[in-house]
Amino acid sequence: MTKLPMKDSFHLPDGIIYLDGNSLGALPKGVGERLQSMVQDEWGAHLIKGWNIDEWMAQPARVGNMVGRLIGAPEGSVTMGDTLSVKVFQALSAALKMRPDRRVILSDSGNFPSDLYMAQGLIQQLDNGFELRVVAPEEVESAMTDEIAVAMITQVDYRTGRMHDMAGITAAAHAAGAVMLWDLAHSAGAVPVDIAGCGAEFAVGCTYKYLNGGPGAPAFIYARPDIVADIQPALAGWLGHDAPFAFEPTYRPAPDIERMRVGTPPVIQMTALEVALKIWDDVDMTELRSASVRLCDLFIAEVEAKCPSLRLASPRDAAQRGSQVSFAFEDGYAAMQALIARGVIGDFRAPNIMRFGFTPLYIDETDVREAVRIIADVLDNRLWDQPEYHQKGRVT
Ligand SMILES: Cc1ncc(COP(=O)(O)O)c(C=O)c1O
Ligand SMILES: Nc1c(O)cccc1C(=O)C[C@H](N)C(=O)O
């Protein structure tokens, strides 16, 4: 196992303290070279033969197993492709089919909007009396009644970093007879996850955050092996068919998790991800979690000592927090723009949240202290109070 941090494994621009790996991970070394060889030596030289020679068609299963190891999923239970929003839709529709007598999708108000939108869109399509019930995060367990068909919960809140008790909520869902769907977007590569251990039916997540797969990297989907054979895919694409190259006119799903594939895999993007995932062979998740907690706790202590105008918006108790820390500040958008201009990259979430992600693979305590020094300078001297920092409309 390699000691953390492993800054040498990443391209990190000089003069930047990168506290946004919870939105887009840094570029791992070797990705550029591998992409060049993939494009020239595989696509360029092999043309369509690459699907066989270079095993592009098997990539979703191969990379799925690499992701599976990081979330406690057994071999052959995870596949890759599409965006996370699409994977949410697929899992949700499959889950609803498993409880035909029930009509409620349970989620919480901390969930990422796209998950809620996907549920709303699906409900409209089904047009059969379904309801999306959104409760406060702390009410999820008590809201688990026999009306709930599926509980769709994001383990770590994108805005506050609040972390749900995966085992406890899954047990409550199952006690109520509901299907459990976890969104691990802010968990995979951030905290240890034991998806098989908790017994949830479905999990989905993205790979461009803590897994460093790059912008637009494909999402993953896990289905518990014992239920896979009964899943009825709503997005019945040809690559989820049992025999795609038989070109049969009627859909017949693959017997395993492959049925959650839809269409052509994004081979170039998945090649970048495959390189990025190799880093995890050398990472001990327990050590990663301890480092993450140390960094987050230090950041909170330093900010509270040096930046009295910021108010902690994340749980103080590390056990209830993922690998990010958020502070509320009324002029948080402008303050974040001022920080980014000074090399401290975090991001902003409406209405007033300044969000800082801690990725122990490439962030250390010196970075945390230096970042807080710059944050304090920006706040003490109102450096954020410039017209250019108030211009809205940027991707954050
Ligand atoms: C929890 C969560 N769910 C869903 C999404 C949507 O992911 P995508 O844009 O890959 O569909 C995101 C991030 O954008 C997210 O953080
Ligand atoms: N996927 C993103 C994108 O394409 C552009 C900007 C940001 C994102 C994000 O991932 C946002 C992220 N899910 C969040 O936690 O806010």
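These numbers were taken from a predicted model, which means no experiment stands behind them. (Residues numbered from 1 in each chain as written. Chains lettered and ligands numbered in written order. Predicted model: local features only at pLDDT ≥ 70, side-chain atom pairs only at ≥ 80, totals over all residues.)

1. Describing the UniProt feature "binding site: pyridoxal 5'-phosphate" (unreviewed entry) in the protein
Right, so step 1: When the UniProt feature table is mapped to this numbering, "binding site: pyridoxal 5'-phosphate" (unreviewed entry) covers Leu-84, Ser-85, Phe-112, Pro-113, Ser-114, Asp-115, Thr-154, Asp-183, His-186, Tyr-208, Trp-238 and Thr-264. Their sequence span is 181 residues, while the largest C-alpha to C-alpha distance among them is 30.1 Å; these annotated residues do not converge on one region.
Right, so step 2: Residue position: Pro-113 is located in helix α5 (residues 113–126).
Right, so step 3: Owing to 10 C-beta atoms within 10 Å, Pro-113 belongs among the exposed residues under this scheme.
Right, so step 4: Note that Asp-115 resides in helix α5.
Right, so step 5: Leaving out residues up to four positions away in the same chain, Asp-115 has contacts with Val-88, Ser-107, Met-152, Thr-154 and Asp-183. (UniProt positions renumbered as here; feature names shortened; annotations may be inferred. Helix = DSSP H or I, 4+ residues; strand = E, 2+ residues; numbered from the N terminus. Buried ≥ 20, exposed ≤ 12 C-beta atoms within 10 Å, placed from the backbone. Contact = placed C-beta atoms within 7 Å.)

2. Topic: the domain arrangement of the protein
Right, so step 1: According to the domain assignment, the protein consists of domain 1 (31–281) and domain 2 (284–390).
Right, so step 2: If you average the C-alpha positions of domain 1 and of domain 2, the two centres end up 30 Å apart.
Right, so step 3: Tallying the contact residues gives 13 residues for domain 1 and 18 residues for domain 2.
Right, so step 4: Tallied by class, the residues present in the side of domain 1 that touches domain 2 amount to 7 nonpolar, 4 polar and 2 charged. (Domains from an automatic or database assignment. Nonpolar A, V, L, I, M, F, W, Y, C, P; charged D, E, K, R; others polar.)

3. Here's the deal with the UniProt feature "modified residue: N6-(pyridoxal phosphate)lysine" (unreviewed entry) in the protein
Right, so step 1: Summarizing the sequence annotation, UniProt attributes the feature "modified residue: N6-(pyridoxal phosphate)lysine" (unreviewed entry) to Lys-209 in the numbering used throughout.
Right, so step 2: By the element assignment, Lys-209 lies in the loop between β9 (202–205) and β10 (220–223).
Right, so step 3: Aside from chain neighbours lying at most four places away, what touches Lys-209 is Gly-21, Asn-22, Ser-23, Leu-24, Gly-25, Ala-185 and His-186.

4. Details of the nonpolar core
Right, so step 1: Leu-92, Val-150, Ala-151 and Leu-181 are the most contacted members of the largest nonpolar core, which totals 72 residues.
Right, so step 2: If one sorts the elements of this core by residue count, helix α4 (residues 84–98) sits on top with 8 residues.
Right, so step 3: By size, the runner-up hydrophobic cluster in this structure holds 40 residues, among which are Ile-17, Tyr-333, Ala-371 and Trp-384. (Core = buried A, V, L, I, M, F, W, Y, C linked by C-beta atoms within 7 Å.)

5. Description of the site of ligand 2
Right, so step 1: The environment of ligand 2 is formed by Ser-23, Phe-112, Tyr-158 and Val-395.
Right, so step 2: Considering only residue class, the shell around ligand 2 consists of 3 nonpolar, 1 polar and no charged. (Near = placed C-beta within 6 Å.)

6. Digging into the site of ligand 1
Right, so step 1: As a matter of local geometry, ligand 1 sits amid Thr-83, Leu-84, Ser-85, Phe-112, Ser-114, Asp-115, Thr-154, Tyr-158, Asp-183, Ala-185, Cys-206 and Ala-219.
Right, so step 2: Counting only elements with at least two residues in the shell around ligand 1, the list comes to α4 and α5.
Right, so step 3: The residue makeup of the shell around ligand 1, split by class, is 6 nonpolar, 4 polar and 2 charged.

7. Some thoughts on the pairing of β9
Right, so step 1: Residues Phe-202 and Val-204 of β9 are buried on one face, and the alternating residues Ala-203 and Gly-205, pointing to the opposite face, are buried as well.
Right, so step 2: The pairing of strand β8 (residues 179–183) with β9 spans 3 bridges and is parallel. What sits directly across from Leu-181, in β9, is Phe-202.
Right, so step 3: Pairing of β9 with β10 involves 4 bridges; the strand directions are antiparallel. Opposite Val-204, over in β10, you have Ile-221 as the bridge partner. (Pairing = 2+ DSSP bridges.)

8. Some thoughts on the pairing of strand β7 (residues 148–154)
Right, so step 1: In terms of burial, β7 is a largely internal element, 7 of the 7 residues being buried.
Right, so step 2: Looking at chain direction, strand β5 (residues 104–108) and β7 are connected through 3 bridges and run parallel. Bridge assignment links Val-104 to a residue of β7, and that residue is Ile-148.
Right, so step 3: Judged from the 5 bridges that link them, β7 and β8 form a sheet pairing that is parallel.

9. Focus: helix α6 (residues 166–175)
Right, so step 1: For α6, the complete set of buried residues consists of Met-166, Ile-169, Thr-170 and Ala-173. In a view along the axis of α6, the buried residues occupy a sector of 100°, so they form one face of it. Set apart from the buried face of α6 by more than 90 degrees, the exposed residues are Gly-168 and Ala-175.
Right, so step 2: Looking at the buried positions of α6, the neighbouring elements they touch are β7, β8 and α7 (195–198).
Right, so step 3: Downstream of α6 by one or two residues, Gly-177 has phi in the positive range, about 85°. (Arc of directions from axis to C-beta.)

10. Points about the environment of Ala-291
Right, so step 1: Structurally, the position occupied by Ala-291 is in helix α9 (residues 285–306).
Right, so step 2: Along the backbone, Ala-291 and Leu-361 are 70 residues apart, and their C-alpha atoms lie at a distance of 9.1 Å.
Right, so step 3: Those residues in contact with Ala-291 that lie beyond four places of it in its chain are Leu-4 and Pro-360.

11. Side note on the confidence of the model for the protein
Right, so step 1: Averaged over every residue, the pLDDT of the protein is 97; residues scoring 70 or more account for 100%.
Right, so step 2: Across the predicted assembly, pTM comes out at 0.98 and ipTM at 0.97. (pLDDT = per-residue confidence, 0-100.)

12. Looking at the packing of helix α10 (residues 332–341) against helix α11 (residues 365–380)
The relative placement of two packed helices is expressed as an angle between their axes plus a distance between the axes.
Right, so step 1: Put simply, α10 and α11 touch, their axes get as near as 10 Å, and they point 125° apart. With respect to α11, the axis of α10 lies oblique. Here α10 runs over α11; the crossing is right-handed. Of α11, the residues touching α10 (which contributes Ala-335, Ala-338 and Leu-339) are Ile-374, Ile-375, Val-378 and Leu-379. (Axes fitted to C-alpha atoms, helices over the stretch in contact; angles between N-to-C directions. Parallel < 35°, antiparallel > 145°, perpendicular 65-115°, else oblique. Left-handed = near helix turned anticlockwise from the far one by under 90°.)

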